[in-house]
Amino acid sequence: MTEGPVLSDDRHSEVDKPPPTPARRSGWTPWIRGVAVAVFDALVVFAVPQLVSNQSWTLLALMVGAAIAVNWAYLSPRTSASRWLTPGLILMVIFVAYPVIYTSYISLTNWRTGNILTKEQVINNLEAREIRGADGGVTLDLSIYRNPAGNLAFLVGGEGVDPYMGLARPATDDPLGDGAVDIGGVAIDPEAPPETIGDFELLQGLAVTAVASQLETLVVDLPDGSIATVETLQTARVSQAGQRFVYDPAADTITDNEAGRTCDAGQGNFFCNGVPEEEVARAAIIAADSVIECEGGMCNNVPLFAIDGSLPGWRTAVGFTNYETVFTNEAIRGPFLRVLAWNVVFAFGTVFLAFAMGLGLAIALKSDAMRGKALYRSIYILPYAIPAFLSIFVWRGLLNTEFGKVNGLLDTFGVPGVDWLGNTVWAMAAVLLVNLWLGFPYMFLISTGALTSIPEDLLEAARVDGAGAWGTFRRITLPLLLVSTAPLLIGAFAYNFNNVVLILLLTQGGPPLAGFDVPVGGTDILISFTFNLASGAGRGQQFALASAIVVIIFIVLAIVSASSFRLTKRLEEYYG
């Protein structure tokens, strides 16, 4: 049997030799990367206790997640490719995903004026309130003293009130058992108080100013059980002592010692029964969302804020109540649907008109017979080069009913002037006109670039086959143009759907429309309508309701964008 060739030892050593180990990277790059990651981790560790104390659990989770992602991407040798993506992903989560999620969360709550704090914060706020009896509001003369140990004492007195001096204490502390300071029965003239009483010395001038900020938090207990708080540096105000509200965690109720009633916890507030109707705010009784029941001069199910507007409620989850309000409450649904319809017309009309004008100018300048193309192109992009807010203000002056140049030009030709910003229809036309002026240069630029990408031989073949100018444009030029410009048109639609700057600077959403229970104007778009709804008409700041409308806007834009991109994909498949 013939044996095969025998490999030499050198050959064996070449075959069995393991692959060379990649050379280690040298230089400062690993050190710089390690230091940067360490600094980032230190910032996260520094922020964690503060976020925990503020109960900012969502931000805490985002920061911890970002720290894990950064350490995994930049310290692991197997994830070098992800180092370029990690910063962008983290910023996208923080500035895009988190705001969307947080806005959606707010829309599911009752977050508004009077319902901003947590329940724990509301209870602490209520229990810190003191009873204000019939004697409350009496003003006394005040003199401030200090002893060598640094303790402050207040000397108070006034007409018909015996002088009294007591040690000052923080308003949040319990009353002092024996805080009186012996004044020795000395007759005290408030106009000229004694410079010393015992070991206490009178503070005057700059000495009083030096402790002014401290005085705001101090009170003195009076012999009749009332307290005196500092009103000015020379006067004190007396109020009846005692805690007004006491919370019972076992029953989840709060007792109002001043009114002598107990209120049960409900959705975002404490609700009281047996409240005299004259104590309840009329606006709260007749409100569209009121739950107050009044009969025979007494009211039940009365929230604390309806008794006293300074008494807060707390934020809590209410599900889809805000969305139901938008679509079922006629006071909001009517103007909302009207604004939504105009918003769609405004965004679509702006994009269509600007694209049509920009494309028409681009086609005109593409003609070989056109002379002075460079000059025309420079003129057409001027509106794009001027800051938009300046152009809007200029147009607002031009469209002025009495002094505007546009009406002056119309008058020259014998045409009656137009109330551009005071009439709803003309205000809509003015908004579209100004936005056309601002938007057509951009469409002109992208159309000019897209036209150059269409093969000339394809257009020439269509002409040879007998297609006219309109047929060539409709069947070849426009479809191929839309393949490259459709994503930009979708972006322009989304931008103009929320183009609140134009609306606020040109018309302020006006002219106002009559017949609606909420503030709404003829040119309001959803963003400006939401702002007015959230903060106008004396309704307070309706953060949750505004967030619900913002989420609806997001859903509308998402649906429109998804449908448009699907149509674009079909165009690419057909004409690509």
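Here we summarise the structure given alongside this text. (Residues numbered from 1 in each chain as written. Predicted model: local features only at pLDDT ≥ 70, side-chain atom pairs only at ≥ 80, totals over all residues. Heavy atoms only, no water.)

Before going further, it helps to spend a moment on the pattern of salt bridges. Taken as a whole and judged by the stated rule, the model has nine salt bridges. With a shortest N-O distance of 3.2 Å, Arg244 and Asp256 are connected by a salt bridge. With Arg244 in the loop between strand S9 (235–239) and strand S10 (245–248) and Asp256 in strand S11 (residues 253–256), this pair connects stretches of sequence that are twelve residues apart. In this structure, Arg244 and Asp256 share a single accessibility class: buried. Glu460 is paired through a salt bridge with Arg463; the nearest N and O atoms lie 3.1 Å apart. Note that Glu460 and Arg463 are positioned in helix H17 (residues 456–464) at a spacing of three residues, about one turn of the helix. For Glu460, a relative accessible area of 43% corresponds to the partly exposed category. Residues joined in a network through salt bridges with shared partners are Arg244, Asp256 and Glu258. (Salt bridge = Lys/Arg side-chain N within 4 Å of Asp/Glu carboxyl O. Helix = DSSP H or I, 4+ residues; strand = E, 2+ residues; numbered from the N terminus. Buried < 20%, exposed > 50% of the residue type's maximum accessible area, 1.4 Å probe, protein only.)

The topology assignment puts Gly358 in helix H11 (residues 330–366). In sequence terms Gly358 and Tyr442 are 84 residues apart; their C-alpha atoms lie 7.5 Å from each other. Sequence-distant contacts of Gly358, that is, excluding residues within four places in its chain, are made with Phe440, Met443, Phe444 and Ser447. (Contact = heavy atoms within 4.5 Å.)

Taken in spatial order, the five strands make up an open sheet running S10-S11-S12-S13-S17, and their pairing is antiparallel. What marks the edges here is a single partner per strand, and that holds for S10 and strand S17 (302–303). Two strands pair when backbone bridges link them, and strand S13 (residues 270–272) and S17 are joined in this way by two bridges, in the antiparallel orientation. Pairing of Phe271 across the sheet is with Pro303, part of S17. (Pairing = 2+ DSSP bridges.)

Turning next to the state of the cysteines. Applying the stated criterion across every chain yields a total of two disulfides. In this model Cys263 forms its disulfide with Cys272; the gap between the sulfur atoms is 1.9 Å. Linking Cys263 and Cys272, the disulfide has an S-S dihedral of approximately 95 degrees and is accordingly described as right-handed. In this model, Cys294 is linked to Cys299 through a disulfide, with the two sulfur atoms separated by 2.0 Å. The chirality of the disulfide connecting Cys294 with Cys299 is right-handed, given an S-S dihedral of about 105 degrees. Overall, Cys299 belongs to the buried group, its relative accessible area being 0%. When the bonded cysteines of the protein are counted from the start of the sequence, the pairing works out to 1-2, 3-4. (Disulfide = S-S within 2.5 Å.)

Turning our eyes to something else, we now look at helix H5 (residues 119–127). The set of residues buried in H5 consists of Val122, Ile123 and Leu126. Projected onto a plane normal to the axis of H5, the buried residues spread over an arc of 100 degrees and lie on a single side. Each element contacted by the buried residues of H5 is listed here: S10, S11, S13 and helix H9 (304–307). (Arc of directions from axis to C-beta.)

Pairing is antiparallel in the open sheet, where three strands are placed in the order S14-S16-S15. Edge positions in the open sheet fall to strand S14 (275–276) and strand S15 (293–295), since each of these has one partner strand only. Where S15 meets strand S16 (residues 298–300), three bridges bridge the pair, whose relative direction is antiparallel. In the strand pairing of S16, Glu295 is matched with Met298.

This next bit is on the nonpolar core. By size, the foremost hydrophobic cluster in this structure holds 44 residues, and its most contacted members are Phe336, Met443, Phe497, Phe529, Leu533 and Ile549. If one sorts the elements of this core by residue count, H11 sits on top with eleven residues. Setting aside residues up to four positions removed in sequence, Phe336 forms contacts with Val326, Phe327, Leu526, Phe529, Ile549 and Ile552. Core analysis: the next-biggest nonpolar cluster, separate from the first, contains 20 residues, Val122, Leu126, Ile292 and Val302 among them. (Core = buried A, V, L, I, M, F, W, Y, C linked by side-chain atoms within 4.5 Å.)

Turning our eyes to something else, we now look at the packing of aromatic side chains. Within this structure, the stated rule accounts for 17 aromatic pairs. On the numbers, 6.0 Å between centres and 65 degrees between planes, the contact of Trp395 with Trp437 is edge-to-face. Taken together, the residues Trp395 in helix H14 (residues 388–398) and Trp437 in helix H16 (residues 424–451) connect sequence positions 42 residues apart. Look at Trp395 and you get buried, because its relative accessible area is 14%. (Phe/Tyr/Trp six-rings, centres within 6.5 Å; stacked < 30°, edge-to-face > 60°.)

Turning our attention to the pairing of strand S2 (residues 152–158). Counting buried residues along S2, six of its seven residues qualify, which places the element largely inside the surrounding structure. A loop of five residues connects strand S1 (residues 138–146) with S2, the two strands running antiparallel in sequence, and Gly150 in this loop sits at a positive phi of about 90 degrees. Note: S2 against strand S3 (residues 161–167), five bridges, orientation antiparallel. Counterpart to Leu155 in the pairing with S3 is Met165.

Attention shifts here to the layout of surface pockets. Approximately 1,400 Å³ is the volume found for the largest pocket. As for the largest pocket, its lining consists of 44 residues, of which Arg112, Ala287, Asp289, Phe305 and Gln542 are closest to the centre. Of all the secondary structure elements, the ones that give two or more residues to the lining of the largest pocket are helix H8 (282–286), H9, helix H10 (321–328), H11 and helix H21 (543–575). Here the lining of the largest pocket gets five residues from one element, more than from any other, and that element is H10. (1 Å grid on protein atoms, 1.4 Å probe; cavity = no way out; pocket = protein on both sides within 12 Å on 5 of 7 lines; lining within 4 Å. Points joined across faces, edges and corners; volume = space filled by probe spheres on them.)

Just distances and angles here, no functional claims.
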